[in-house]
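Listed here are the chains, written in short residue letters.
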Amino acid sequence: MGGKWLELLKQVAPRMSRAALVFEPEHVNAQFFGVIDAAAKTLAVKTVRTPYRSAGELQHAIEAFAAEPNGGLLMVPPPPSAANGDLINRLAVKYRLPAIYSSKYYVAEGGMMSFGAPLFESQRIAATYVDRILRGAKINELPVQFPTTLELAINLKTVKALGLTAPRQILAGAEVIE
């Protein structure tokens, strides 16, 4: 998934040469970084790890990152809080930074793009685990389950506000929010 996020971001913002990997260090799954870094080499994009613990740190980090041109933001899961997502969206437009999330919620709230499992899919998988545990299954014996459905969403108003144009092949496979 991490490589695909970076690839999609680069398709919409082809001049992007730097990507801030924005994350909360206490909650991030570090396995994302290796996959994203491998894709970054292929796409000629420099990644910058951008941890934050508060809204103030988040704002400072994005403003510092925006000081150099051709940047983009990749929100490494888990997604930010709604308040931090709003802050990211406002700063992304202010500094003309294309951004991608793993959840469509942020696109509906003004973020540029998302690619990930629909919320109902994650809830279905979680419910399956809970059911099996309540029936006596041992947690360490449960199989790892991955979503079987992924969705791409793009906010055209935000794309235009950033001075970008979404390629037709992206729009063809995306839920378009205007």
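What counts and how
- Residues numbered from 1 in each chain as written.
- Predicted model: local features only at pLDDT ≥ 70, side-chain atom pairs only at ≥ 80, totals over all residues.
- Heavy atoms only, no water.
- 1 Å grid on protein atoms, 1.4 Å probe; cavity = no way out; pocket = protein on both sides within 12 Å on 5 of 7 lines; lining within 4 Å.
- Points joined across faces, edges and corners; volume = space filled by probe spheres on them.
- Nonpolar A, V, L, I, M, F, W, Y, C, P; charged D, E, K, R; others polar.
- Pairing = 2+ DSSP bridges.
- Helix = DSSP H or I, 4+ residues; strand = E, 2+ residues; numbered from the N terminus.
- Axes fitted to C-alpha atoms, helices over the stretch in contact; angles between N-to-C directions.
- Phe/Tyr/Trp six-rings, centres within 6.5 Å; stacked < 30°, edge-to-face > 60°.
- Buried < 20%, exposed > 50% of the residue type's maximum accessible area, 1.4 Å probe, protein only.
- Lys NZ or Arg CZ within 6 Å of the ring centre and 35° of its normal.

Participant: Is there a simple way to explain empty space enclosed by the protein in this structure?
Facilitator: Gaps left between atoms are located by rolling a probe of water-molecule size over the structure's atoms. Enumeration over the complete set of coordinates arrives at one cavity of 30 Å³ or more. Of the pockets and cavities examined, the largest cavity occupies roughly 40 Å³. Forming the boundary of the largest cavity are Val22, Phe23, Glu24, Tyr52, Met75, Val76, Pro78, Pro79, Pro80 and Ile88. When the residues that make up the lining of the largest cavity are grouped by side-chain class, the tally is nine nonpolar, no polar and one charged.

Participant: Looking at this structure, how should I read the sheet that holds strand β1 (residues 18-23)?
Facilitator: Read across the open sheet, the seven strands follow the order β2-β1-β3-β4-β5-β6-β7; overall the sheet is mixed. On the outer flanks of this sheet lie β2 (46-51) and β7 (175-177), each paired with one strand and no other. Ignoring strand direction, the axes of neighbouring strands in this sheet form an average angle of 20°. By the bridge criterion, five bridges tie β1 to strand β3 (residues 71-75) in an arrangement that is parallel. Among the inter-strand pairings, Ala19 is bridged to a residue of β3, identified as Gly72.

Participant: Just checking my understanding: could you explain the packing of aromatic side chains for this structure?
Facilitator: When we look at a pair of aromatic rings, we describe it by the centre distance and by the angle of the planes. Considering all chains together, one arrives at four aromatic pairs under this definition. When the centroid spacing of 5.4 Å and the interplanar angle of 40° are considered together, the rings of Trp5 and Phe32 count as tilted. Here Trp5 is found in helix α1 (residues 2-12), whereas its partner Phe32 is found in helix α2 (residues 31-43), with 27 residues between them in sequence. For Trp5, a relative accessible area of 2% translates into the label buried. Arranged with centres 5.0 Å apart and planes meeting at 90°, the rings of Tyr105 and Tyr106 form a pair that is edge-to-face. By relative accessible area, which is 7% here, Tyr106 ends up buried. Seen from the ring of Phe65, Arg18 lies directly overhead, with NZ or CZ sitting 4.0 Å from the centre.

All we've got here are geometric facts, nothing functional implied.
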